[in-house]
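Analysis of the macromolecular model
Chain by chain, the residues:
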Amino acid sequence: ASDADPIVPSRAGADAIRKRILGARVRELGEVGHAALLENGVDLAAILREEGLTAEHPPPVVPTPRDFVAEWSPPCAERQAEARESLTYLRRLASPKFFSTAPSGMRLPGLVAVPDG
């Protein structure tokens, strides 16, 4: 990237590209113009060595983004049972308890006294 490039807004463009490419880095090349690799003072081989992008130092492996929705599969019956069991205490603590009131005014557990229709 360079601010001396009259054709392409290099620094702004480089930052925009870096944000869109996972694992990308920006290397500023000082006061060089549009054809940076043709100007004196820019040593591409040295830059690649410094960035660790030579055969001796391959680029870092960037993890590929995962699609967790597409990869999802339902848990097996054993895992479902484990999850259900682990929530027993929480269900007892937070689950609602239903009562209904009989015509006599007596409260009854459950919904047995709710009139039909």
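By convention here, each chain's residues receive numbers from 1 onward along its written sequence. Given that this is a predicted model, residues contribute local features only at a pLDDT of at least 70 and side-chain atom pairs are listed and counted only at 80 or more, while totals for whole chains, interfaces and linings are drawn from all residues. The side-chain figures draw on all heavy atoms in the structure; neither hydrogens nor water molecules are used.

Across its full length, the protein chain carries five helices and two strands. Secondary structure is summarised from DSSP: a helix means a run of H or I of at least four residues, a strand means a run of E of at least two, and numbering begins at the N terminus for each. Start at the N end of the protein chain and walk to the C end: the helices and strands fall as α-α-α-α-α-β-β. At 33 Å, the protein chain has a C-alpha radius of gyration far larger than the 13 Å of a compact globule built from 117 residues. Each of the three principal axes of the protein chain carries a C-alpha extent, and together these read 100 × 35 × 25 Å. Partly exposed residues are those whose accessible area sits between 20% and 50% of the maximum for their type, while under 20% is buried and over 50% is exposed, using a 1.4 Å probe and protein chains only. Across the 117 residues in the protein chain, those meeting the buried criterion constitute 14%. When contacts within the protein chain are restricted to residue pairs at least 6 apart in sequence, long-range pairs at least 24 apart make up 35% of them. Residue exposure ignores everything except the shown protein chains as possible cover, and the areas themselves are Shrake-Rupley values with a 1.4 Å probe. Here the protein chain has roughly 10100 Å² of accessible surface; of this, 60% comes from carbon and sulfur atoms. Using C-alpha atoms as the atom set, the radius of gyration is obtained and then compared with a globule rule of 2.2 Å times the number of residues to the power 0.38. We call two residues contacting when some pair of their heavy atoms lies within 4.5 Å.

If you trace the backbone, Glu-71 turns up in helix H3 (residues 68-71). Sequence spacing of Glu-71 and Val-32 is 39 residues, and the spatial spacing of their C-alpha atoms is 47 Å. Here a polar contact is taken to be a pair of N or O atoms separated by no more than 3.5 Å, where protein atoms must pair a possible hydrogen donor with a possible acceptor and residues adjacent in sequence count only if both atoms sit in side chains. For Glu-71, the side chain forms a polar contact with the side chain of Arg-66, separated by 2.4 Å.

Considering the arrangement of structural elements, one finds Thr-54 in the loop between helix H2 (44-50) and H3. Residue Thr-54 is classed as buried on the basis of its relative accessible area, which comes to 16%. Among all residues touching Thr-54, those that are not within four sequence positions of it are Leu-48 and Arg-49.

The next point concerns a nonpolar patch on the surface. Patch construction takes residues with relative accessible area above 30% that form no salt bridge. Like charges are linked within 9 Å, and nonpolar side chains (Val, Leu, Ile, Met, Phe, Trp, Tyr) are linked within 5 Å. Here, a salt bridge means any Lys or Arg side-chain nitrogen found within 4 Å of an Asp or Glu carboxyl oxygen. A contiguous nonpolar patch, built from Leu-37, Leu-44, Leu-48 and Leu-53 and spanning about 320 Å² of accessible area, is present on the exposed surface. Locating Leu-48 in the fold gives a position in helix H2. Exposure remark for Leu-48: the relative accessible area of 31% places this residue in the partly exposed category.

The next subject is the environment of Val-62. With respect to the helices and strands, Val-62 occurs in the loop between H2 and H3. Along the sequence, Val-62 and Gly-23 sit 39 residues apart, while their C-alpha atoms lie 6.1 Å from each other. The contact partners of Val-62, leaving out residues within four places of it in the chain, are Leu-22 and Gly-23.

Our next topic: the side chain of Ser-100. With respect to the element layout, Ser-100 can be found in strand E1 (residues 99-101). Here the side chain of Ser-100 touches Ala-113 through a polar contact of 3.0 Å, landing on its backbone nitrogen. Contacts of Ser-100, omitting those with residues within four sequence positions, involve Met-106, Arg-107, Leu-108, Gly-110, Leu-111, Val-112, Ala-113 and Val-114.

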